[in-house]
Amino acid sequence: MHISSADLVASLSTLASQGITELAVHDEALTAHKGKLLHFLHEAARRAPDIFYSITLDAAMLDMDVAKAASALYCSLELPLSAASKGGAYLFDKKFYARRATMLNNLGLVFGFSVLFASEKADSLKLFRDRLDFALSLYPNHVDFPQLETRDSLATATQAAAILPPHPSATFSTQDIRRAGEIAFACTVFYSLGRAVPWFLSVLAPLKMSASRFFEDFAEWQRINSCGYGSDWHNKLSTQADRMHHEIETMQLTFLRFKYEEKGKAPLFAAVTDIIHLNGAMARCMGEGEEETVVLQYNPEDILSPIATDIARFTDSVCMEDCRVQIYFDEDTGVDWKLLA
């Protein structure tokens, strides 16, 4: 169902009665004008607070007024990670995005980045990797790669027309485009669909690898195991992703075990396993309403404490404690856990 920006605010009060629980907002007539955007955010919070909003807007529109208004909603902000070619150089302002991501994280807002590659002159595989590494350092909830999506999966014909397909150039070869696409798909599976934001950077740190190199290795592992970009598994994922988190979590742990053994970090892997199992169960409880029991080697209080962000220190200083933990949803506290006898 598509609603024009002119009709959107007027229809807010009736959306819930029509059975609408999610709404994607991407019309620049609304999102590129601060006054209209603020009006929409305030009215959405007042008239339709239970709907989940996915709002695509240029990061230049993000100031404290907009961010605070968005924080009153159940929403995710989708931010294109834009760069431009000028004078033979490819310009990308890291400080600009870092300031806005810090503001969003401080307010507890969910946000994601969309990243293009080989769509501008002077872009290169190296610069794409650099953008991806930078994006992930800012703790986005997800990273999207619109060029991997089929044209009919995009919200509107206008949105589809705005996505430039990757094209070869003097700095971005056909082979580089293929590698960038595989890295992008690997990131989509492992990070975004794998709901890895709470733990990814902590788990990556002991491996002493950049995120983009990690995803390039994961892409190779996917290819070998017939679950890479363009595989039958990929086609299955495109229609069943919401039901495949258990399977993706198994893939995450299988690949991470291999990398930790390869890098001589196997003694840390028990902590990695518990961190992923516990966070994954809590994510499924929040997202799908699943309640489950997980078997851990460490107490969940320790796993969810700040010390777990440094896995080597965690392993050295926290005692193992075999336990069974039930993950459940509480109306007052949200997703919660309790130890079982």
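Peer 1: So what exactly am I meant to see when it comes to the environment of Gly-181 here?
Peer 2: With respect to the element layout, Gly-181 can be found in helix 8 (residues 174-193). C-alpha of Gly-181 to C-alpha of Phe-117: the two residues are 64 residues apart in sequence and 8.5 Å apart in space.

Peer 1: Looking at this model, I keep getting lost on the sheet that holds strand 6 (residues 110-114). Mind explaining?
Peer 2: Strand pairing in a sheet relies on backbone hydrogen bonds. The paired strands run either parallel or antiparallel. Within the open sheet, the 5 strands sit side by side as 1-2-3-6-7. Their pairing is parallel. Of all the strands in the sheet, just strand 1 (22-25) and strand 7 (142-144) have a single pairing partner and so form its edges. Between one strand axis and the next, the sheet turns by 20° as a mean value, whatever way the strands run. Pairing between strand 3 (residues 75-80) and strand 6: 5 bridges, direction parallel. Looking at strand 6, one finds that Leu-79 is bridged to Phe-113.

Peer 1: Help me understand the nonpolar core, please; the structure alone is not making it clear to me.
Peer 2: As a rule of thumb, soluble globular proteins bury nonpolar side chains together. Of all hydrophobic cores here, the largest spans 114 residues; its most connected members are Phe-40, Tyr-53, Leu-77, Phe-215 and Leu-256. The residues touching Phe-215, leaving out its near neighbours within four places in the chain, are Leu-132, Leu-136, Ile-183, Ala-186, Cys-187, Phe-190, Tyr-191 and Phe-200.

Peer 1: Any chance you could explain empty space enclosed by the protein here in plain terms?
Peer 2: With a probe scaled to a water molecule rolled over the atoms, the places where space remains empty come into view. Scanning the model with the defined rule gives 1 cavity of 30 Å³ or more in all. As a volume, the largest cavity reaches approximately 30 Å³. In terms of lining residues, the largest cavity is bounded by Gly-194, Arg-195, Trp-199, His-245, Glu-249, Gln-252, Ile-276, Asn-279, Gly-280 and Ala-283. Listed by contribution, the elements that provide at least two residues to the lining of the largest cavity are helix 12 (245-262) and helix 13 (269-288). Broken down by element, the lining of the largest cavity gets its largest block of residues, 4 residues, from helix 13.

Peer 1: I tried to follow unusual backbone geometry on my own but got confused; where do I start?
Peer 2: Apart from glycine, the bulk of residues carry a negative phi angle, and the bulk of peptide bonds sit in the trans form. With a phi angle near 55°, Lys-208 is a residue other than glycine that sits in the positive phi range. Here Lys-208 lies in the loop between helix 9 (200-204) and helix 10 (211-224). Overall, the relative accessible area of 72% leaves Lys-208 in the exposed class.

Peer 1: Any chance you could explain the side chain of Glu-216 here in plain terms?
Peer 2: Secondary-structure assignment places Glu-216 in helix 10. If near-sequence neighbours (up to four positions away) are discounted, Glu-216 is found in contact with Arg-129, Arg-179 and Ile-183.

Peer 1: In this structure, what is going on with the pattern of salt bridges? I would like to understand it.
Peer 2: Side chains that carry opposite charge are capable of pairing whenever their charged atoms lie near each other. Enumeration according to the criterion identifies 18 salt bridges in this entry. Residue Glu-182 is joined to Arg-223 by a salt bridge in which the shortest nitrogen-to-oxygen separation is 2.8 Å. With a gap of 41 residues between them, Glu-182 in helix 8 and Arg-223 in helix 10 connect regions that are remote in the sequence. Among the ionic pairs, Arg-213 bridges to Asp-217, the shortest N-O distance being 3.2 Å. In this pair, Arg-213 and Asp-217 are both assigned in helix 10, 4 residues apart and thus about one turn of the helix distant. Judged by relative accessible area, Asp-217 falls into the buried class, the value being 13%.

Peer 1: How should the sheet that holds strand 8 (residues 292-296) be read in this particular structure?
Peer 2: Read from one edge to the other, the open sheet built from 3 strands follows the order 8-9-10, with strand pairing classed as antiparallel. Strands at the two margins of the open sheet, each flanked by one partner only, are strand 8 and strand 10 (334-340). For this sheet, the mean angle separating the axes of adjacent strands, direction not counted, is 30°. Inspection of the sheet shows strand 9 (residues 323-330) paired to strand 10 by 7 bridges, in the antiparallel sense. Among the inter-strand pairings, Asp-330 is bridged to a residue of strand 10, identified as Gly-334. Strands strand 8, strand 9 and strand 10 of the sheet are contacted by helix 13, whose axis makes an angle of about 170° with strand 8.

Peer 1: Please explain the packing of aromatic side chains as it appears in this structure.
Peer 2: The geometry of an aromatic ring pair comes down to the distance between the two centres and the angle between the two planes. All told, the structure shown has 27 aromatic pairs when counted by the stated rule. Plain terms: the ring middles of Phe-190 and Phe-200 are 6.1 Å apart, the flat faces sit at 70° to each other, and that makes the pair edge-to-face. Of this pair, Phe-190 sits in helix 8 while Phe-200 sits in helix 9, placing them 10 residues apart in sequence. The exposure class of Phe-190 is buried, given its relative accessible area of 0%. Take Phe-200: its relative accessible area is 2%, and that puts it in the buried class. On the basis of an interplanar angle of 15° and a centroid distance of 5.6 Å, the ring pair of Phe-218 and Trp-221 is categorised as stacked. Highlighted residues: Phe-218 and Trp-221, both in helix 10, separated by 3 residues, approximately one helical turn. Here Phe-218 matches Trp-221 in class, with each residue buried. Among the aromatic residues, those joined into a ring-pair cluster are Phe-190, Tyr-191, Trp-199, Phe-200, Phe-214, Phe-215, Phe-218, Trp-221, Phe-255 and Phe-258.

Peer 1: When you look at the confidence of the model for the protein chain in this model, what are you seeing that I'm missing?
Peer 2: Should the pLDDT be low somewhere, the predicted coordinates at that spot are not to be read in detail. On average, residues of the protein chain score 92 in pLDDT, and 94% of them reach the 70 mark or higher. Scored below 50 in pLDDT, residues 151-158 shows 11 contacts in the model against residues more than four places distant or in partner chains.

Peer 1: So what exactly am I meant to see when it comes to the pairing of strand 8 here?
Peer 2: Within a regular strand, the side chains alternate between the two sheet faces. Burial along strand 8 is one-sided: the residues Glu-292, Val-294 and Leu-296 are buried and none of Thr-293 and Val-295 is. Note: strand 8 against strand 9, 5 bridges, orientation antiparallel. Across the sheet, Leu-296 pairs through a bridge with Cys-323, a residue of strand 9.

Definitions and cut-offs
- Residues numbered from 1 in each chain as written.
- Predicted model: local features only at pLDDT ≥ 70, side-chain atom pairs only at ≥ 80, totals over all residues.
- Heavy atoms only, no water.
- Helix = DSSP H or I, 4+ residues; strand = E, 2+ residues; numbered from the N terminus.
- Pairing = 2+ DSSP bridges.
- Axes fitted to C-alpha atoms, helices over the stretch in contact; angles between N-to-C directions.
- Core = buried A, V, L, I, M, F, W, Y, C linked by side-chain atoms within 4.5 Å.
- Buried < 20%, exposed > 50% of the residue type's maximum accessible area, 1.4 Å probe, protein only.
- Contact = heavy atoms within 4.5 Å.
- 1 Å grid on protein atoms, 1.4 Å probe; cavity = no way out; pocket = protein on both sides within 12 Å on 5 of 7 lines; lining within 4 Å.
- Points joined across faces, edges and corners; volume = space filled by probe spheres on them.
- Salt bridge = Lys/Arg side-chain N within 4 Å of Asp/Glu carboxyl O.
- Phe/Tyr/Trp six-rings, centres within 6.5 Å; stacked < 30°, edge-to-face > 60°.
- pLDDT = per-residue confidence, 0-100.

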